[in-house]
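Listed below, chain by chain, are the residues.
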Amino acid sequence: MDNFLPAVNVENARVYLGGQEILHNISWQVRRGERCFILGANGAGKTTLVKLLMGFAWPLFGAKVQVLGKTFGHVNLLELRKSIAWVSPFMHKWLEDGAWNGRDMVLSGPDGTIGLLREPTPEEEKKAAGIMKSLKAEHLMDRPVVAMSSGEQVKVLIARALMTNPELMILDEPSVYLDLAGREFLLKTIEELAATRPDLTMIFITQRIEDILPVFDCGMILKSGQIVASGSRDEVLTEENLKNAFDLDIQLIRTDKGRLWTVIR
Ligand SMILES: Nc1ncnc2c1ncn2[C@@H]1O[C@H](COP(=O)(O)OP(=O)(O)OP(=O)(O)O)[C@@H](O)[C@H]1O
């Protein structure tokens, strides 16, 4: 990997799906170790942008897409994807099938399966235990996944993703199915992960302003397939930008811990 290049570098990407231009001339960079958010309403293009970064959607000729120092068109995507952890709520739904416990689920990370289909090595066992400890989730090791709360299940998914030593983690609306307590639990997990893995580049996709914790130092707003704001968290999360993004007159309330809550005027 070329460590001098940013974790993500997209230049002039236009993406067509179903005959329509979904992303319009996107240019965006994320430096290594940065934690960036992508905020946008339904249909803004967030998932399409993730697909672009994963090599599941392709831009028109003239664009450049580089992820973890590798240039698309000149990279084995299957190899590259091993360095990227994509945590999505749809996986969280799959967890409910089968009789797996937390340990099985975390140890299935290196094989990319959902649930353990082979005997893990002692090294893998040790690593899984270490990751669960760092996430304060040792107690979930022996618990059946079906007996975990949704927030705990997402935590296990994050641990599973960390088994592959990812350099980039894409959290794709991980809180979408969570209730209030589950969401707070997840956000705390993200904070703890940021503290224990400061080298890990994170991209956090969300529709909810209050989910964008201060650990996310940079980000952007997508609207109708275009970046309408980009920069530091404070530069992006302004009432004016949010009004534009969601077509709502939003008032921001900042708590003393730097969390932002919205009120519609
Ligand atoms: N395969 C496809 N063919 C045609 N249009 C598509 C396809 N996939 C997505 N779109 C359209 O592209 C736009 C962006 O979709 P995308 O899923 O990227 O948005 P999103 O910001 O992730 O939305 P949400 O928050 O609802 O998940 C939408 O208008 C969607 O209908």
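A few points on the structure. Treat the numbers as computed from the prediction; the structure is a model and nothing was measured.

1. Here's the deal with helix α5 (residues 122–134)
Here's step 1: Between the first and last C-alpha of α5 there are 18 Å, a value that for 13 residues agrees with the 18 Å anticipated at 1.5 Å per step.
Here's step 2: Listing the buried residues of α5 in full gives E124, A128, I131 and M132. Along the long axis of α5, the arc covered by the buried residues comes to 95°, so they all point the same way. Turned more than 90 degrees from where α5 packs its buried face, P122, E123, K126 and K133 sit exposed.
Here's step 3: On its buried face, α5 sits against α4 (102–107) and α6 (150–162).
Here's step 4: K136 sits one or two positions beyond α5 and adopts a positive phi of about 55°.

2. What about the state of the cysteines?
Here's step 1: Scanning the model with the defined rule gives 1 disulfide in all.
Here's step 2: The disulfide partner of C36 is C218, and the gap between their sulfur atoms is 1.8 Å. One disulfide, between C36 and C218, carries an S-S torsion of -75° and so falls in the left-handed class. Of this pair, C36 sits in strand β3 (residues 35–39) while C218 sits in strand β9 (residues 218–223); the two residues are 182 residues apart in sequence, bridging distant segments of the chain.
Here's step 3: A relative accessible area of 9% places C218 in the buried class.

3. What to know about the packing of aromatic side chains
Two numbers describe a pair of aromatic rings. These are the distance of the centres and the angle of the planes.
Here's step 1: Here the structure, examined in full by the defined rule, presents 3 aromatic pairs.
Here's step 2: Consider the rings of W58 and F72, whose centres lie 5.9 Å apart with planes at 50°: the pair is tilted. Of the two residues, W58 sits in the loop between α1 (46–54) and β4 (64–67) while F72 sits in the loop between β5 (70–71) and α2 (77–81), which places them 14 residues apart along the sequence.
Here's step 3: Here F204 and F216 contribute two aromatic rings whose centre-to-centre distance is 4.8 Å and whose plane-to-plane angle is 15°, an arrangement assigned as stacked.

4. A short note on the site of the ligand
Here's step 1: Around the ligand, the structure places 13 residues, and the nearest of them are N42, G43, K46, T47 and T48.
Here's step 2: A distance of 2.8 Å separates an oxygen atom of the ligand from a polar side-chain atom of T47.
Here's step 3: In this structure, an oxygen atom belonging to the ligand sits 3.1 Å away from a side-chain N or O atom of Q207.
Here's step 4: Protein coverage of the free-state accessible area of the ligand, which is 640 Å², stands at 59%.
Here's step 5: With 3 residues, α1 is the single largest residue contributor to the shell around the ligand.
Here's step 6: Class assignment of the residues belonging to the shell around the ligand gives a composition of 4 nonpolar, 7 polar and 2 charged.

5. Overview of the pattern of salt bridges
Here's step 1: According to the stated counting rule, one finds 20 salt bridges in the structure shown.
Here's step 2: Of the charged contacts in the structure, one is a salt bridge between R103 and D104, with a shortest N-O distance of 3.4 Å.
Here's step 3: The partner of R259 in a salt bridge is E184, and the shortest N-O contact between them spans 2.8 Å. Highlighted residues: R259 in the loop between β11 (250–254) and β12 (260–264) and E184 in helix α7 (residues 180–196), separated in sequence by 75 residues.
Here's step 4: Judged by relative accessible area, which is 12%, R259 ranks as buried.

6. Comments concerning helix α9 (residues 239–246)
An α-helix turns once per 3.6 residues; consequently, residues spaced three or four apart project the same way.
Here's step 1: Along α9, the positions that sit buried rather than exposed are N241, L242, A245 and F246. Down the axis of α9, the buried side of the element spans an arc of 110°, and every buried residue falls inside it.
Here's step 2: The first or second residue beyond α9 is D247, which carries a positive phi of 55°.

7. Observations regarding the sheet that holds β4
Here's step 1: With respect to topology, 4 strands assemble into an open sheet ordered β2-β1-β4-β5, the strand pairing being antiparallel. With one partner strand each, in any of the chains shown, β2 (20–30) and β5 form the two edges of the open sheet.
Here's step 2: Bridging between strand β1 (residues 8–17) and β4 involves 4 bridges; their strand directions are antiparallel. Bridge pairing links E11 to K64 in β4.
Here's step 3: α1 contacts β1, β2 and β4 of the sheet and is inclined by roughly 115° relative to β1.

8. A look at the nonpolar core
Here's step 1: Ranked by internal contacts, the top residues of the largest apolar core, which has 51 residues, are L39, I158, M169, I190, M202, F216 and L242.
Here's step 2: For this core, the leading source of residues is α6, giving 7 residues.
Here's step 3: For M202, the residues in contact, after removing those within four places along its chain, are E34, R35, C36, M169, L171, I190, L193, A194 and F216.
Here's step 4: With 32 residues, the next largest nonpolar core counts A7, V15, L168 and I170 among its residues.

Parameters at a glance
- Residues numbered from 1 in each chain as written.
- Predicted model: local features only at pLDDT ≥ 70, side-chain atom pairs only at ≥ 80, totals over all residues.
- Heavy atoms only, no water.
- Helix = DSSP H or I, 4+ residues; strand = E, 2+ residues; numbered from the N terminus.
- Expected span 1.5 Å × (residues − 1).
- Buried < 20%, exposed > 50% of the residue type's maximum accessible area, 1.4 Å probe, protein only.
- Arc of directions from axis to C-beta.
- Contact = heavy atoms within 4.5 Å.
- Disulfide = S-S within 2.5 Å.
- Phe/Tyr/Trp six-rings, centres within 6.5 Å; stacked < 30°, edge-to-face > 60°.
- Near = heavy atom within 4 Å.
- Polar contact = N/O pair within 3.5 Å; in protein donor to acceptor, adjacent residues only side chain to side chain.
- Areas by Shrake-Rupley, 256 points an atom, 1.4 Å probe, with all protein chains shown as cover.
- Nonpolar A, V, L, I, M, F, W, Y, C, P; charged D, E, K, R; others polar.
- Salt bridge = Lys/Arg side-chain N within 4 Å of Asp/Glu carboxyl O.
- Pairing = 2+ DSSP bridges.
- Axes fitted to C-alpha atoms, helices over the stretch in contact; angles between N-to-C directions.
- Core = buried A, V, L, I, M, F, W, Y, C linked by side-chain atoms within 4.5 Å.

It is worth stressing that arrangement in space is one thing and function is another; only the former is reported here.
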